[in-house]
Amino acid sequence: MSDDPEDRMLGWDESVFRDEHVFEIDWLPETFKHRDTQMETLKYALRPAVRGSRPLNVIARGPPGTGKTTAAQILFDELTAQTDVKTVRVNCQMDSTRYAVFSRLFAEIFDYEPPSSGISFKKLFSQITDKLVEEDEVLVVALDDVNYLFYESEASDTLYSLLRAHEAHSGAKIGVICVSSDLELDVIDALDTRVQSVFRPEEVYFNPYGQAEIADILGERADRGFNEGVVGPTVLDRVAELTEEQGGDLRVGIDLLRRAGMNAEMRASRSVETEDVEEAYDKSKYVHLSRRLRELSDSETALVEVIAAHDGQQAGDIYDAFSEQTDLGYTRYSEIINKLDQLDIIDADYTNVEGRGRSRELTLNYDADAVLERL
Ligand SMILES: Nc1ncnc2c1ncn2[C@@H]1O[C@H](COP(=O)(O)OP(=O)(O)OP(=O)(O)O)[C@@H](O)[C@H]1O
Ligand SMILES: [Mg+2]
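Throughout, a residue's number is its position along its own chain's written sequence, starting from 1. Written order determines the labels here, with chains lettered from A and ligands numbered from 1. Given that the model is predicted, a residue must reach a pLDDT of at least 70 before its local features are reported, and side-chain atom pairs must reach 80 or more before they are shown or counted; all residues, however, enter totals for whole chains, interfaces and linings. Excluding hydrogens and water, the side-chain figures rest on all heavy atoms present in the structure.

Asks: Please explain the site of ligand 1 as it appears in this structure.
Replies: We call a residue near a molecule or strand whenever a single non-hydrogen atom of that residue lies within 4 Å of it. For ligand 1, the set of nearby residues contains 22 residues, the closest of which are G65, K68, T69, T70 and Y209. The contact in question runs from an oxygen atom of ligand 1 to an N or O atom on the side chain of T70, over 2.5 Å. Alone, ligand 1 offers 640 Å² of accessible surface; in the complex the protein occludes 96% of this. Here the nonpolar group is Ala, Val, Leu, Ile, Met, Phe, Trp, Tyr, Cys and Pro; Asp, Glu, Lys and Arg are the charged ones; every other residue, Gly included, is treated as polar. The residue makeup of the shell around ligand 1, split by class, is nine nonpolar, seven polar and six charged. A domain-level breakdown of the shell around ligand 1 finds at least three residues from each of domain 1 (36-205) and domain 2 (209-285). What qualifies as a polar contact is a pair of N or O atoms within 3.5 Å, subject to a donor-acceptor requirement within protein and to the restriction that residues adjacent in sequence count only when both atoms come from side chains. Here the Shrake-Rupley method, with its probe set to 1.4 Å, supplies the accessible areas, and only the displayed protein chains count as covering residues. Residue ranges for the domains trace back to a domain assignment, done automatically or taken from a database.

Here is the structure:
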């Protein structure tokens with residue numbers, strides 16, 4: 001450090017960051033404020049499991065970045081540390097079929113992957129339940145981002161198997177927490193009636209944080225992540241304001257803090273200024289988009305690219321361009337369009353085209369360059 005106290009320049013061996021890890025996506029916060037009612041309902045639902053009974057099932061809903069995954073993770077960590085309850089969180093973006101979900105459960109319960117040689121679903125299922133019964137364990141499964149199971153039409157089968165496990169395998173006790181960030185999806189309504197008749201979940205809603213709550217939570221994160229005095233109240237308020245503009249998704253705010261910190265370092269400044277935040281915002285506002293694009297399959301990504309090149313054109317014309325690249329049929333093509341529409345990456349609205357009747361027009365919901373840059 002310089003001898004001159006007025007010197008605001010950062011030396012090569014210095015950083016604005018105290019601990020940059022706290023801005024990483026999977027960092028689990030030590031305090032979890034403004035979510036007390038949600039945590040209470042979740043604990044109420046899970047308490048029977050601690051006593052060795054089947055817990056209540058739960059649907060947790062709320063827009064992106066409102067603490068749903070974090071809530072499940074904190075509870076699961078507590079249960080693992082303090083009780084015999086077995087907990088598994090399944091990321092349905094990655095495991096989006098019933099078979100994949102149960103393979104994940106198998107791997108977590110047995111500590112090794114199920115045989116890849118193609119063991120039947122029935123066998124996979126009964127090995128899991130046999131083990132639970134044998135160990136007299138209650139299993140709580142969080143189907144995180146369960147909306148992806150719906151996009152693949154796998155939700156009803158998956159839930160049906162989990163919810164009726166105790167009937168198929170006497171003594172098996174499984175509870176399910178469904179976490180959805182798709183507010184347009186009515187989870188219960190979208191299930192088959194055979195599932196609806198056995199699924200009477202508790203509902204927990206994760207409302208978007210308000211600006212003051214965002215500032216409070218991010219202030220704590222900034223204190224851990226930055227050296228003292230690096231982020232002042234004006235900067236923090238601006239970050240909270242921009243985060244609220246993005247639907248209150250805390251991921252945007254956390255990303256903004258980190259990028260603004262890096263921008264300050266680039267200027268060799270000891271403190272983050274609002275200009276660093278404004279500059280970071282051009283990137284940070286796309287955190288949803290990046291996250292959604294990252295989980296797409298190759299053919300889904302290929303279609304996004306084609307749509308970006310033919311933004312606003314009719315579905316039929318875009319299919320012609322798409323089919324030059326892949327051998328997917330029109331049915332699968334339509335399914336992918338539905339998924340991209342549900343993910344809000346594109347809009348697919350019906351319009352009347354002269355001489356051709358009703359057809360869907362496909363438009364990107366984001367700037368085409370921003371999308372292509374992130375693919
Ligand atoms: N109350 C809180 N206190 C501290 N950090 C929080 C709080 N709520 C959320 N976060 C942080 O915000 C980020 C997003 O939270 P989380 O991943 O739990 O959101 P989510 O609701 O699961 O979002 P998505 O629906 O997009 O999966 C995480 O980095 C998490 O640490
Ligand atoms: Mg989540």
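Asks: Looking at this structure, I do not really get empty space enclosed by the protein. What am I missing?
Replies: Gaps left between atoms show up when a probe the size of a water molecule is rolled over them. Detection works on a 1 Å grid of protein atoms alone, calling trapped sets that fit a 1.4 Å probe cavities and calling open sets with protein on both sides within 12 Å along at least five of seven lines pockets, with lining residues defined by an atom within 4 Å of a point. Grid points are joined across faces, edges and corners, and a volume is the space filled by probe spheres set on the points. As enumerated under the stated definition, the model contains one cavity of 30 Å³ or more in all. Quantified by volume, the largest cavity comes out at close to 40 Å³. Lining the largest cavity, in full, are L42, A60, K68, A71, A72, L75, I177, V179 and F206. Mapped by element, the contributors of at least two residues to the lining of the largest cavity are α2 (68-82) and β4 (173-180). Broken down by class, the residue content of the lining of the largest cavity amounts to eight nonpolar, no polar and one charged. Strands are runs of DSSP state E lasting at least two residues, helices are runs of H or I lasting at least four, and both sets are numbered from the N terminus onward.

Asks: Where do I start with the packing of aromatic side chains in this structure?
Replies: Centre distance and the angle of the planes are the two values used to describe a pair of aromatic rings. What counts as a ring pair is set by centres within 6.5 Å for rings of Phe, Tyr and Trp (its six-membered ring), and what kind of pair is set by the plane angle: stacked under 30 degrees, edge-to-face over 60, tilted for all other angles. Under the criterion given, the structure shown has 15 aromatic pairs. Aromatic pair F106 and F110: ring centres 4.3 Å apart, planes at 25°, arrangement stacked. Of the two residues, F106 and F110 both sit in helix α3 (residues 98-110), four residues apart, roughly one turn of that helix. Burial classes follow relative accessibility: with a 1.4 Å probe on protein chains only, a residue under 20% of its type's maximum area counts as buried, one over 50% as exposed, and anything between as partly exposed. The class of F110 is buried, set by a relative accessible area of 19%.

Asks: I keep staring at the domain arrangement of the protein chain and nothing clicks. Help me out?
Replies: Often the size quoted for an interface is simply the accessible area lost on bringing the parts together. Once the domains are mapped, the protein chain shows domain 1 (36-205), domain 2 (209-285) and domain 3 (295-374). Each of domain 1 and domain 2 has a C-alpha centre, and these two points are 35 Å apart. A contact between two residues is defined here by any heavy atoms of the two lying within 4.5 Å. Tallying the contact residues gives four residues for domain 1 and five residues for domain 2. Here the buried area means the combined drop in accessible surface, using a 1.4 Å probe, for two parts upon being joined, counting both sides. In total, about 330 Å² of surface goes out of reach between domain 1 and domain 2, with carbon and sulfur atoms giving 43% of it. Of all residues in domain 1, P64, G65 and T66 bury the most surface against domain 2, accounting for 88% of the area lost on that side. A pairing counts as a salt bridge when a side-chain nitrogen of Lys or Arg comes within 4 Å of a carboxyl oxygen of Asp or Glu. Across the domain 1-domain 2 interface, the total number found is zero salt bridges. Where domain 1 touches domain 2, the interface holds two residue pairs in polar contact (both at pLDDT 80 or more). When its residues are assigned to classes, the side of domain 1 that touches domain 2 shows one nonpolar, three polar and no charged.

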